[in-house]
Amino acid sequence: MGDKQASDYYDLALRHRKNADEAFQTWTLGKEQEYHAAAMLHAQMATMYAGMAAAAKVALDY
């Protein structure tokens, strides 16, 4: 894995974090269940991609 791949994963993590924040804010304003589900999904995806970015960076060290 290279630096580009780690960077791509990091960008995906940031995008999902932004989407999670927006969905969570919408949910807290209207309490509509689908926004809560979207916020949870995007938060999970952000965590996954952040982990993949970290793993890609660690792989560069070896």
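Sequence order sets the numbering: in each chain, residues are counted from 1 along the sequence as written. Selection of residues for local features in this predicted model requires a pLDDT of at least 70, selection of side-chain atom pairs for listing and counting requires 80 or more, and totals for whole chains, interfaces and linings are taken over all residues. For side-chain calculations, the full set of non-hydrogen atoms in the structure is used, while hydrogens and water are omitted.

Whether two aromatic rings pair depends on their centres lying within 6.5 Å, for rings of Phe, Tyr and Trp, where Trp uses its six-membered ring; planes under 30 degrees apart make the pair stacked, over 60 edge-to-face, and the rest tilted. Across all of its chains, the model carries 2 aromatic pairs by this definition. Here Y9 and Y49 contribute two aromatic rings whose centre-to-centre distance is 6.1 Å and whose plane-to-plane angle is 25°, an arrangement assigned as stacked. Taken together, the residues Y9 in helix α1 (residues 3-30) and Y49 in helix α2 (residues 33-61) connect sequence positions 40 residues apart. The same class applies to Y9 as to Y49, namely buried. Residues F24 and W27 carry aromatic rings whose centres are separated by 5.5 Å and whose planes lie at 40° to one another, so their mutual orientation is tilted. In this pair, F24 and W27 are both assigned in helix α1, 3 residues apart and thus about one turn of the helix distant. Judged by relative accessible area, which is 38%, F24 ranks as partly exposed. By definition, any uninterrupted DSSP run of H or I lasting at least four residues is a helix, any uninterrupted run of E lasting at least two residues is a strand, and each is numbered from the N terminus. Exposure categories follow from relative accessible area, calculated using a 1.4 Å probe and restricted to protein chains: below 20% of the type maximum is buried, above 50% is exposed, and the middle band is partly exposed.

Following the sequence through the fold, V58 ends up in helix α2. With a relative accessible area of 44%, V58 lands in the partly exposed category. Taking the C-alpha atoms as reference, V58 lies 26 Å from L41; in sequence the two are 17 residues apart.

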